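# Fold and geometry: a report
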Amino acid sequence: MAMKQLGLGGWALALTLATSVALAQTPKSGGTLKIYQRDSPASASIHEEATFSNNVPFMGIFNNLVIFDQHIAQNSPDTIRPELADSWAWGDGGKTLTFKLHPGVKWHDGKPFTANDVKCTIDLLQGKLADKFRKNPRKSWYDNVQAVVPNGDLEVAFKLGRPQPSLLSMLASGYSPIYPCHVSTAKMRTAPIGTGPFKFVEFKQNEDIKLARNPDYWRAGKPYLDAIEFPIITNRATAMLAFMSGKVDMTMPTEVTQAIRRDILKQAPKSVCVTAPTNVGLNLIVNRNKPPFDNADLRHAMALTIDRKAFIDILFEGEADMGGALLPQPEGIWGMPKDMLATLPGYSPDITASRTAAKALMAKAGYGPDKHLAIKVSTRNIATYRDPAVILLDQLKEIYIDAELDVVETSVWFGKIDRKDYTVGMNLTGNAVDDPDQSFYENYACGSERNVTGYCSPELQKQFDAQSQETDTAKRKQMVWSIDAQLQNDVARPTIVYGRAATCWAPDVHGYTAMTNTSYNGYRFEDMWLDR
Amino acid sequence: MSGYLLRRVGLMLLTLFGISIIIFVLLRLVPGNMVDILFDSAGMVDPAEKTRIAAELGLDKSIPEQYLVWMSGLLHGDLGFSYVSEKPTIEEILPRIPVTGRLALSAIGFAVLLGVPFGVISAVRQNSGVDYGLRVLSLAGLSIPSFWLGLMVLMAFSALTGKLPVYTEAPASMLDAVLLVAVPAMTVGFRSSALIMRLTRSAMLEVLRQDYVRTARAKGAGAGRVNFHHALRNALLPVITVIGLETAFLIGGLIVTETVFNIPGLARFLVESIRNRDYPIVQNLVMLTAFIVVSINFAVDLLYAALDPRIRLGA
């Protein structure tokens, strides 16, 4: 009946609409996508950098063995897809990971891609070759890889010291491209060569980065775009004006704050803006070897005085989440459940009760209304560090800690932390992969280069290894939550909040998915297209 | 005159030598070097790796040794390699010179074209409505920070014309090319024009009271001839000094303007290089700036000598 009522005209209209929608969703080839870049990356070599300022413009040049599905917002082991490897298989009780490689793949300079390139990449990361990276920030990811053994040109096996299911997740990250054996690390820093959908054209410091379509890309018909240009616009106000006036098609991913997002949607209402967690955690670092914070009670009192909701409301206008060592659910896969989190020091919604307990601990250590503890809170001279540090100062006052802000220039920040020349600090930690191995080994393991507080618990270290070998995801989650709770109880490096940020693009830009549990893995861009 | 010239050239070379030492030493006294920054960006702390990179960049040598390497390279036309881009320094600096040069010249041209005539008018019409208006304009020019003015100009341009004179790609038309230079040049030149306007006004007021101006008027010379030929010519000496100084100091103003208008010029590049402690870029770029400043001063001195015979004779 309803169909009859539609009438001939109605059907024609419906068909037209349906056709136009279908056509609009059919990718079109051609065009140049312009995405503004917030700064000039230190180099073009993804393996040598530790910022997504590098992944965004250069990830399109490369391929990994495997990659997180670029159209599923939440990265997880279930969303890992083949890339240079057509398939993979675990063997030898989880101690061998064998990849079958895609045939006929060529580097941008025409040379064939082989299993030897995979071996070279891992050898470079492990510092086994004469040619070395200047920087190797993710060397620890491959600590468990004992050898990479090619079997002919199209098969390669990773021999592991122990089973490590997470290795596959790390290999699927935007930080894990395969590099060519025949190109030097110096060349990879300035004019990289990959097998990916886009070829490197130019990188002018402080000016722009340009990529062009790889006409010989091994995935037929891809990419859709002719080119991608990344004009480097360091002034955020100018960058946003450039987006609103149509000079660029897309903002740099996760660079849009909530206030700016509102402004964009007011000025350019057809823009598409997506807000998502960045998996960058704001955390408190405490020098546990330096008096008075060698006293566990004082560290515990500091954890108890943190009012996370205040940070979320003031800094992020509500767009942030409380979590532990791992990104909280639902966007995070491994984060503790909320009820479990609420039992940890400083996570209770009853902040008054927490602070009463904190004051009791301070009194036990000899501090109170008549005797305040004077300390310095060190932080980098960047707004994203400085602003939360100011809020922390205010919250410390509540438990008789008079803190003074010690603003440290970026160039000396890590040296200072390395020398342990600080008492308390405010820090930011980005997680490339939402995975316990990446977080635990990088940030909390004894001796890890990026374990800035020097926290070391041999007992937890064993638990890190145990969870890392567990193949049953549900069981592993329980282990991970238990470790995370112990880290928070130990005040190892209390995470304050995980922020959210937005990415905006013009309505005629298609094929981009903003990832919800990483800021590092979603920039292959081979499926992006322009409806023009 | 030749003795004067020789003395000025000698002084210029001595100044440049002194500047080279100051730049070199100061840069290395600032806490944190390129290796610290490299490590900072990667969150790494391994001291062995740090030592290896420091040796690779030649930073393990003593400061005098590093200075000699630089000077010897400079005298042989070898400016070294950028630590960041790993390209020859000359390749990084050369393409940016015309960009900043065009902007600086346009800005100073705008400042002179606006400042000198308005200064003369303001002096000639002293205490009139025009004078008050121009004095308010010049005060505004001195008071408004250029980054704020730049952003306002950008917003106004975007709202009124739909165009944004911001460098994101090579200009598509002649109009775009002109806008990309003219709008930031006017923004940065506005402050200089205000200074020139005020100085021209006060110099003109002084000269206009001189006997020879009264004599010229008594002899029946027209207002234009009196003001612009007799008075302005004599009032120009301090104005030329200021124009010279403003040209030299423009580099400071350009840092902000190049950032706001996203111009890939030398000033923004210098700031970024200082942040990265990219010593080869910074020291060569500051030397280049010093050379320009010293040369402008030299040119101003020569102009003095040409305009005022007493300076030549004194020499």
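Rules behind the numbers
Residues numbered from 1 in each chain as written. Chains lettered and ligands numbered in written order. Predicted model: local features only at pLDDT ≥ 70, side-chain atom pairs only at ≥ 80, totals over all residues. Heavy atoms only, no water. Helix = DSSP H or I, 4+ residues; strand = E, 2+ residues; numbered from the N terminus. Buried < 20%, exposed > 50% of the residue type's maximum accessible area, 1.4 Å probe, protein only. Contact = heavy atoms within 4.5 Å. Lys, Arg positive; Asp, Glu negative; His and termini not counted. Charge placed at Lys NZ, Arg CZ, Asp CG, Glu CD. pLDDT = per-residue confidence, 0-100. Core = buried A, V, L, I, M, F, W, Y, C linked by side-chain atoms within 4.5 Å. Buried area = accessible area lost by both parts, 1.4 Å probe. Salt bridge = Lys/Arg side-chain N within 4 Å of Asp/Glu carboxyl O. Polar contact = N/O pair within 3.5 Å; in protein donor to acceptor, adjacent residues only side chain to side chain. Nonpolar A, V, L, I, M, F, W, Y, C, P; charged D, E, K, R; others polar. Pairing = 2+ DSSP bridges. Axes fitted to C-alpha atoms, helices over the stretch in contact; angles between N-to-C directions.

Helices and strands together make up the secondary structure of chain B, namely 14 helices and zero strands. The principal-axis extents of the C-alpha atoms in chain B amount to approximately 85 × 60 × 35 Å. Out of the 315 residues in chain B, the part that is buried amounts to 44%. Contacts in chain B between residues far apart in sequence, at least 24 positions, make up 74% of those at least 6 positions apart. A gap of 18 Å separates the mean positions of the 26 positive and 22 negative side-chain charges of chain B.

Bringing the confidence of the model for chain B into the picture now. Residue and element names in this part refer to chain B. Put simply, chain B has an average pLDDT of 85, and 94% of its residues get 70 or more. Across chain B, element-level confidence peaks in helix H7 (residues 129-143) with a mean pLDDT of 93 and bottoms out in helix H14 (residues 309-314) with 62. With a pTM of 0.84, the predicted complex shows an ipTM of 0.77.

So, about the nonpolar core. Where a protein is soluble and globular, its nonpolar side chains tend to be buried together. Of all hydrophobic cores here, the largest spans 104 residues; its most connected members are A:Leu65, A:Phe99, A:Leu101, A:Val118, A:Phe158 and A:Phe525. Core analysis: the second largest hydrophobic core is formed by 31 residues, A:Ala320, A:Leu373, A:Ala389 and A:Val424 among them.

Right, let's talk about the interface of chain A and chain B for a bit. It is common to give the size of an interface as the accessible area lost on bringing the parts into contact. Counting residues at the interface gives 38 residues for chain A and 44 residues for chain B. For the pairing of chain A and chain B, the buried interface totals around 3800 Å² over both sides, and the portion due to carbon and sulfur atoms is 50%. If you sort the residues of chain A by the area they bury against chain B, A:Arg134, A:Gln205 and A:Glu449 come out on top, with a joint share of 22%. Our enumeration of links across chain A and chain B arrives at one salt bridge. At the boundary of chain A with chain B, the tally comes to 11 residue pairs in polar contact (both at pLDDT 80 or more). It is helix H13 (residues 410-418) of chain A that provides the largest number of residues to the side of chain A that touches chain B, a total of six residues. Tallied by class, the residues present in the side of chain A that touches chain B amount to 15 nonpolar, 10 polar and 13 charged.

By way of backbone hydrogen bonds, the strands of a sheet pair with one another, either parallel or antiparallel. Residue and element names in this part refer to chain A. On the basis of which strands lie adjacent, the open sheet formed by four strands has the order E4-E5-E7-E6 and antiparallel pairing. Where the open sheet ends on each side, the last strands, each with one partner, are strand E4 (85-91) and strand E6 (145-150). Neighbour-to-neighbour, the strand axes of the sheet open up by a mean angle of 15 degrees, direction not taken into account. Relative to strand E7 (residues 155-160), strand E5 (residues 96-101) runs antiparallel, the two sharing five bridges. Across the sheet, the residue bridging to lysine 100 is glutamate 155, located in E7. On the sheet, helix H3 (residues 115-125) packs against E5, E6 and E7 and is oriented at approximately 160 degrees with respect to E6.

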